[in-house]
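# Inside the fold
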Amino acid sequence: MRETARSRSGNDHLTAAIESMQRAWPTPDGTRCISRIGVVGAGTMGRGIATAGLLGGFEVVLVDVEADALARARTDIGRLISRAVDKGQLNAAKAEQANRRLVTADKLDALADAEIVIEAIIENIAAKQKLFSILDELTPADTLLATNTSTLDVQAIASATRRPGRVVGMHFFSPAHVMKLVEIVRTDEVSAESLGEACETARRMDKLPVIVGNAFGFVGNRMLYGYGRENQLLLLEGASPEAIDAALTSFGMAMGPNAVGDLTGLDIGYAVRRGWGERPDDPRYYRVADMLVERGRLGQKSGAGMFRYENGSREPQPDPEVAAMIAAEAGRLGIRQRSIGDDEIISRCITALVVEGCRLLERRIARCPADIDVIWTYGYGFPRQLGGPMHWADNKGLDVILARADEYAARVGEAYWSAPALLRRLATDGLALRSLDSEALA
Ligand code: NAD
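Residues numbered from 1 in each chain as written. Predicted model: local features only at pLDDT ≥ 70, side-chain atom pairs only at ≥ 80, totals over all residues. Heavy atoms only, no water.

## Details of the environment of Thr-75
- Relative to the helices and strands, Thr-75 is located in helix α4 (residues 67–86).
- The exposed category is assigned to Thr-75, whose relative accessible area is 54%. (Helix = DSSP H or I, 4+ residues; strand = E, 2+ residues; numbered from the N terminus. Buried < 20%, exposed > 50% of the residue type's maximum accessible area, 1.4 Å probe, protein only.)

## Concerning the packing of aromatic side chains
- Taken as a whole and assessed by the stated rule, the structure comprises twelve aromatic pairs.
- Arranged with centres 5.8 Å apart and planes meeting at 65°, the rings of Tyr-227 and Trp-376 form a pair that is edge-to-face. Of this pair, Tyr-227 sits in helix α9 (residues 220–237) while Trp-376 sits in helix α16 (residues 369–379), and the two are 149 residues apart along the sequence.
- Taking 6.1 Å as the distance between ring centres and 80° as the angle between the ring planes, the aromatic pair formed by Phe-251 and Trp-392 counts as edge-to-face. You can see Phe-251 sitting in helix α10 (residues 241–251) and its partner Trp-392 sitting in helix α17 (residues 389–396), a full 141 residues away along the chain. Like Phe-251, the residue Trp-392 is buried in the burial classification.
- Site record: aromatic cluster; members linked through ring pairs are Phe-216, Tyr-225, Trp-276, Tyr-285, Tyr-286 and Tyr-416.
- Over the ring of Tyr-270 we find Arg-274, and its NZ or CZ is 3.9 Å from the ring centre.
- Here the basic side chain of Arg-384 rests over the ring of Tyr-378, its NZ or CZ set 4.0 Å away from the ring centre. (Phe/Tyr/Trp six-rings, centres within 6.5 Å; stacked < 30°, edge-to-face > 60°. Lys NZ or Arg CZ within 6 Å of the ring centre and 35° of its normal.)

What follows is the structure, given as structure tokens:
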């Protein structure tokens with residue numbers, strides 16, 4: 001049995017992981033079939049979620065406080081549905097029905113009949129708590145309340161209601177009408193029934209739900225912070241943004257981390273890091289990204305970030321100004337810049353994912369390594385043929401991964417690289433991470 005698992009290709013590993021995950025989903029009460037979804041916040045995410053809901057056959061009530069946002073959302077959603085027709089995903093009659101199932105409203109009262117409400121307003125805990133306390137008053141006691149927060153404490157949001165067992169995280173990825181992954185965030189108080197309904201709703205939107213624990217950044221974004229941290233340190237140590245992106249795309253990542261940062265906006269991560277209580281006390285930590293934001297270089301939206309973008313083009317161009325800025329900052333921090341090869345770039349960024357993944361397994365934020373692999377391939381562009389970061393680590397050998405972590409702990413920083421006990425134990429015992437998959441699934 002173990003031999004078969006060992007010889008699995010990346011793609012076969014993912015197929016098996018998804019099948020086992022689906023068998024483990026909590027089953028919702030068969031008598032309750034959700035047909036009406038409320039979405040609060042008609043911005044980037046709310047529009048995508050509403051579109052996925054309409055394409056999944058739900059009636060959708062989309063609410064925003066800004067009339068302009070609602071008008072733009074209706075146009076955008078209509079366009080996304082037409083695009084689905086062009087791609088042959090649905091016929092013209094079904095598209096018309098989908099458009100007709102959308103109701104937009106500028107008052108929360110419109111949600112009084114919703115069976116599930118998915119919140120996608122600004123990433124601010126006080127604003128979300130206030131909204132959830134209003135939704136708690138407004139909606140029937142069995143309406144499931146979900147938040148699309150990417151980092152905030154879902155338990156703290158649930159505590160603003162009298163129904164914490166009916167509050168769950170549903171973390172969609174952008175663009176939400178396209179990306180398959182949804183992290184379903186479980187709190188200590190959420191009921192199995194609520195988790196089952198959230199999974200089932202996501203599945204009917206043609207998504208792939210993965211249940212994760214409630215911790216800063218959940219699973220995917222928490223690991224992203226380790227990966228991004230190494231990218232940022234490598235920049236200070238002398239690797240250029242374009243060299244790092246080229247190395248990681250040659251490894252198979254869909255995009256390099258610096259092009260991704262510019263696409264999503266460097267200011268988003270900047271704001272999140274400021275609100276994170278456990279932010280490492282290290283002047284090197286995300287220093288380059290912070291410096292760029294402080295100089296108004298936010299990414300594609302401002303025409304310049306890690307790269308520059310000419311005349312509205314989305315094509316990243318290396319920018320000598322950024323290279324000079326980084327070199328000056330490295331000098332100020334006493335870091336000697338050097339030439340860094342692709343192997344080191346790939347090893348540090350990808351091994352950081354594995355180490356962070358092991359920490360999340362230890363804390364039971366991730367259920368098993370296979371869940372992490374599904375999250376990283378379906379949400380973050382990790383190459384599917386490699387099966388995800390944990391499968392990749394097993395194929396390298398955990399002794400190799402541990403030796404690298406120990407080397408980087410001495411060279412880059414103990415605080416970042418000290419090997420989790422789980423990794424050390426498995427490597428020492430000659431076991432693979434996949435041995436934990438069988439335990440979790442048993
Ligand atoms: P956005 O700024 O594009 O949209 C937010 C919308 O919410 C705005 O239209 C605003 O008018 C509306 N709004 C604010 N307060 C409101 C209230 N009290 N009632 C009703 N409407 C209100 O934001 P976004 O990028 O769509 O992000 C929304 C949420 O999704 C955030 O929590 C974010 O962290 C999360 N998220 C974002 C992404 C992403 O890539 N953008 C990915 C995953 C999760």
